[in-house]
Amino acid sequence: MNTFKLLYCGCLVSLLGCAGTDSAAKRNANADEIRANSSKAYSELEGKNVQASSENQSQQSLQLQTVESSVSLSEMLQAHACPNADDLRGQGIADNASSAVTIAQKDIAAKIQSVVIAKTEETRKSNVDAAGNETLQSSFETNTQVITQLQNAQDARSIATLAQGGKYGVVACMTKSDAAKPFIRESALLQDSIKLALKIFEEQKHPVIRNNAFKAASEMYSRTLSIGTLLEGLNVRFENKVKADFESEQQKYNEFRSQYAFYYKVDESDMSVMPQRRAVFERISAKYPVRVADCSNNGLLLKLDVSPESCSEGSLGIACTTTLNLDGSNCDGESYFSVRAKVKGSGRYDVNEAKERLNENISKGDWFNEWAVELDKWRLE
């Protein structure tokens, strides 16, 4: 963190310099007098909003200065420093004063952005060990990137407005404490939302809801950390009130994810339908992480019911049909969903041919596509 702070300070020193240029010195400008005048103007404007309209610009107590000089307008603006050396300074030049103010405010916003130099990256790695148990490793790099906007533009006050050759130039200043205000408010709201999301994760049994709640908390926590980085760069104290709670729940989330799987309940009560049961299981396990084991508290329990095949002779031969029912529930038996499919196989010559076609359709038929739509909802990303 100390390294980040040094980087931030370097950015601020290079970007926010308020000293006059050599050209200004050549004009024998009295820097002390300019700073005193700027400070006076700044004080007079305390509590007044800077508006982006020419009408409101005319209401400012700071008078427009029309200058005729061989020195460029940009160089003359450089001679106007902020009252406090630590202020954020911006300047803008445009065809009218209000547009110049807007550009100066954007210049300040860009300097707030420059404080943030890191990004968020979440890495999850999932493996299956030799025993068939899924393991999960999750690591977070909590250096985050913030795209800032000057939400409180009214706090960027003009200290100088110059006009030259049909162009207007404005110098605006903002204290770091003012720049921090919207981010402090956002941080407070985010931390309240994180607490709510963690509460949902802690209390819910539904695996998808639990997963989504923690993911939402994680995204908001990353944003909170990025705001903290920004505030520290502005030399404003940041209070992370959810750090302990989030880290505790993250450990629980890692355990939840390591245990989560589709648990398949084997039913051997009717051996006559075992080939069909096996074919359905192979289709499910080929696409989803399935464990034939006692259901964990964090899993989805799948229970398959296969009706005995029914065969009848028709005008085109013999047809055999069976009905497949798959129920999904939590480990305590609370039902989440139920899907059903009726599969058919036909034979021209005998029942055995029809049964073979039936089993082939169970293994390869399109009926499974509708089941996959439901099962996909229970994947945890």
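Details of the structure are given in the entry above.
It should be emphasised that the depicted structure is a prediction, and the values quoted were computed from it without experimental measurement.

J.: For the overall build of the protein, give the residues involved together with the corresponding values.
T.: When helices and strands are counted, the protein shows 12 helices and 12 strands. Looking at the 381 residues of the protein, the share that counts as buried comes to 44%. Within the protein, residue pairs in contact and separated by at least 24 positions form 70% of the contacts whose partners lie at least 6 positions apart. When the accessible surface of the protein is totalled, it reaches about 20,300 Å², and 47% of it is carbon and sulfur.

J.: Go over the pattern of salt bridges, please, and point to the residues and values.
T.: Following the criterion strictly, the structure yields 17 salt bridges and no others. For lysine 243, the salt bridge goes to glutamate 247, with nearest N and O atoms at 2.9 Å. Of the two residues, lysine 243 and glutamate 247 are both situated in helix α9 (residues 243-259); the distance of 4 residues between them amounts to about one turn of the helix. Its relative accessible area of 41% is what places lysine 243 among the partly exposed residues.

J.: Can you explain the packing of aromatic side chains? Please cite residues and give values.
T.: Applying the stated criterion across every chain, the model contains 16 aromatic pairs. Seen from their ring centres, phenylalanine 201 and phenylalanine 256 are 6.2 Å apart, and the 75° between their planes marks the pair as edge-to-face. Within this pair, whereas phenylalanine 201 is found in helix α7 (residues 176-203), its partner phenylalanine 256 is found in helix α9, the two being separated by 55 residues in sequence. Taken together, a centroid distance of 5.6 Å and an interplanar angle of 85° make the contact between tryptophan 367 and phenylalanine 368 edge-to-face. Looking at phenylalanine 368, the relative accessible area reads 5%, which means it is buried. A cation over a ring is seen here: arginine 210 above phenylalanine 201, with NZ or CZ 4.3 Å from the ring centre. Positioned above the aromatic ring of phenylalanine 256, the side-chain terminus of arginine 210 is 4.9 Å from the ring centre.

What counts as what
- Residues numbered from 1 in each chain as written.
- Predicted model: local features only at pLDDT ≥ 70, side-chain atom pairs only at ≥ 80, totals over all residues.
- Heavy atoms only, no water.
- Helix = DSSP H or I, 4+ residues; strand = E, 2+ residues; numbered from the N terminus.
- Buried < 20%, exposed > 50% of the residue type's maximum accessible area, 1.4 Å probe, protein only.
- Contact = heavy atoms within 4.5 Å.
- Areas by Shrake-Rupley, 256 points an atom, 1.4 Å probe, with all protein chains shown as cover.
- Salt bridge = Lys/Arg side-chain N within 4 Å of Asp/Glu carboxyl O.
- Phe/Tyr/Trp six-rings, centres within 6.5 Å; stacked < 30°, edge-to-face > 60°.
- Lys NZ or Arg CZ within 6 Å of the ring centre and 35° of its normal.

Function cannot be read off these values alone, since they describe shape.
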